[in-house]
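Spelled out, the chains give:
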Amino acid sequence: MVAIRPNRSTTIARTAAGAAASDQPQSLAATPASELVEGGDVIAEDSPDDWQKADWEIYQQAIAQASEKTKGYYHDGMMRLEMSPVGNPHSRDHSIAIYATLLFAALRDLRVDVHDNCTYRKTGLREAQPDISLYVGDRVGSLDWEIKIVDLDQLPPPDLAIEISDSTLPDDCGRKRLLYEDLGVREYWVVNVAEALILGFEIIERGSRRIQESIVLPGLSLDVLEEALRRSREADHGQVSAWLLQQWQAEG
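Keep in mind that this is a model prediction, so the values were computed, not measured. (Residues numbered from 1 in each chain as written. Predicted model: local features only at pLDDT ≥ 70, side-chain atom pairs only at ≥ 80, totals over all residues. Heavy atoms only, no water.)

1. Quick look at the packing of aromatic side chains
What counts, and what does not: When two rings of Phe, Tyr or Trp (its six-membered ring) have centres within 6.5 Å they constitute a pair, described as stacked for plane angles under 30 degrees, edge-to-face for angles over 60, and tilted for the intermediate range. A run of DSSP states H or I qualifies as a helix once it reaches four residues; a run of E qualifies as a strand once it reaches two. Both are numbered from the N-terminal end. A simple rule labels every residue: compare its accessible area, found with a 1.4 Å probe on the protein chains alone, to the largest value its type can have, and call it buried under 20%, exposed over 50%, or partly exposed in between. Charge-over-ring placement is defined geometrically: NZ (Lys) or CZ (Arg) within 6 Å of the ring centre, and within 35 degrees of the ring normal.
Enumeration according to the criterion identifies seven aromatic pairs in this entry. Taking 6.5 Å as the distance between ring centres and 50° as the angle between the ring planes, the aromatic pair formed by Tyr120 and Tyr135 counts as tilted. With Tyr120 in strand β9 (residues 119-122) and Tyr135 in strand β11 (residues 132-136), this pair connects stretches of sequence that are 15 residues apart. Per residue, the accessibility class of Tyr120 equals that of Tyr135, and both read buried. Three or more aromatic residues joined by ring pairs make a cluster, and in this case those are Trp56, Tyr59 and Tyr74. Sitting over the face of the ring of Tyr73, Lys176 holds its NZ or CZ atom 4.2 Å from the ring centroid. One residue, Arg177, lies across the ring of Phe201, its end atom 5.1 Å from the ring centre.

Structure follows, in C-alpha cells:
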C-alpha cells in the first residue's frame with residue numbers, strides 16, 4: 001500500500017509550536033484536522049508517512065475527515081493514515097491473494113469468509129484496516145451483514161489478516177505486526193510485492209513466529225503462493241488459477 005501524501009483534510013503530525021486557544025468554544029467535530037491540538041502541541045500537516053502521536057478522539061476526527069480511500073491504523077496512542085493504493089502491482093497481488101485463499105478453501109471444504117479492507121476496532125485502543133482478512137471455520141458467520149465497523153469489544157477478530165506491501169514493507173512487518181498481535185488475530189501475512197514473497201506469522205499470546213505453512217488454512221504452503229505470485233508476473237490470472245488448481249488437486 002502507498003502511504004498518503006500531505007493533504008489538508010487527511011494528514012496530521014505534531015509540531016513544536018503550541019496552539020493559541022480560541023475565545024469561542026468549538027466542538028471537536030468542527031475543528032479542521034490541521035488545527036487539532038494534543039498536549040499543547042498543534043497537530044499540523046507534516047510527515048504523514050510516519051506514525052503520529054494522537055489520542056483516540058483526534059484519530060477518530062482525522063479518519064472521519066479523510067477521503068473514502070484513506071485507511072486508518074491506531075495502536076498504543078499512535079496513528080497512521082494511508083491512501084489505499086490503486087497501482088497495477090498492488091492490485092494484481094491483492095487479487096491473487098484473495099482468489100488463492102478462496103480456491104484452496106473450496107478444494108479443502110473449509111468454511112471461510114473473506115473481507116476486503118474491513119475495519120476492526122477496539123474502541124479507544126486499536127484500529128486496523130487490513131487489505132484482506134479472513135474468518136475461518138467456527139468464526140464464519142460471526143458478523144451480521146449490516147455491520148460496517150467490526151467492534152472487537154463485542155465480536156471476534158479475523159483469523160487471518162493480510163497486508164499487500166508495495167512500499168510499506170518495514171511498517172507492515174514492524175508496528176502493524178505488533179498491532180495485529182494485540183488485536184488477537186491468529187495469523188498475519190505480509191505480501192512483499194517487489195520480491196513476490198510472503199512473510200507469514202503465527203500469532204500466539206500477543207507474540208508471533210515465522211511460518212511457511214498456514215495454521216488457519218491447514219496444508220496451504222506459502223511457497224506455493226509465492227510461486228503463483230512469480231508466475232503472475234508473466235502469465236495472466238486465468239493461467240495462474242489453472243496452475244494453482246493443478247497443484248492443489250494433485251496434493252489431494
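2. Observations concerning the side chain of Thr101
The test is simple: Here a polar contact is taken to be a pair of N or O atoms separated by no more than 3.5 Å, where protein atoms must pair a possible hydrogen donor with a possible acceptor and residues adjacent in sequence count only if both atoms sit in side chains.
With respect to the secondary-structure elements, Thr101 resides in helix α2 (residues 88-107). For Thr101, a relative accessible area of 0% translates into the label buried. At 2.9 Å, the side chain of Thr101 and the backbone oxygen of Ala97 are in polar contact.

3. Side note on the pairing of strand β13 (residues 160-165)
Note the cut-off: Note on pairing: two strands pair once DSSP finds at least 2 bridges between them.
In terms of burial, β13 is a largely internal element, six of the six residues being buried. Where β11 and β13 come together, three bridges link them in antiparallel fashion. Paired with Ile132 across the bridge in β13 is Ile162. In this sheet, strand β14 (residues 187-192) lies alongside β13 in parallel orientation, the contact comprising six bridges. In the strand pairing of β14, Ile162 is matched with Trp189.

4. Side note on the nonpolar core
Threshold: Residues belong to one nonpolar core when they are buried, are Ala, Val, Leu, Ile, Met, Phe, Trp, Tyr or Cys, and are joined through side-chain atoms within 4.5 Å. We call two residues in contact whenever any of their non-hydrogen atoms come within 4.5 Å of each other.
Grouped together as the largest cluster of nonpolar side chains are 32 residues, with contacts concentrated most on Ile162, Trp189, Leu217, Leu225, Leu244 and Trp248. Put simply, the parts of the chain that give this core at least two residues each are α2, β11, β13, β14, α5 (222-232) and α6 (237-251). Examining the composition of this core, we find that seven residues originate from one element, α2, more than from any other. Residues contacting Trp248, with those up to four places away along its chain left out, are Ala100, Leu103, Phe104, Leu107, Arg108, Leu220, Val224 and Leu225.

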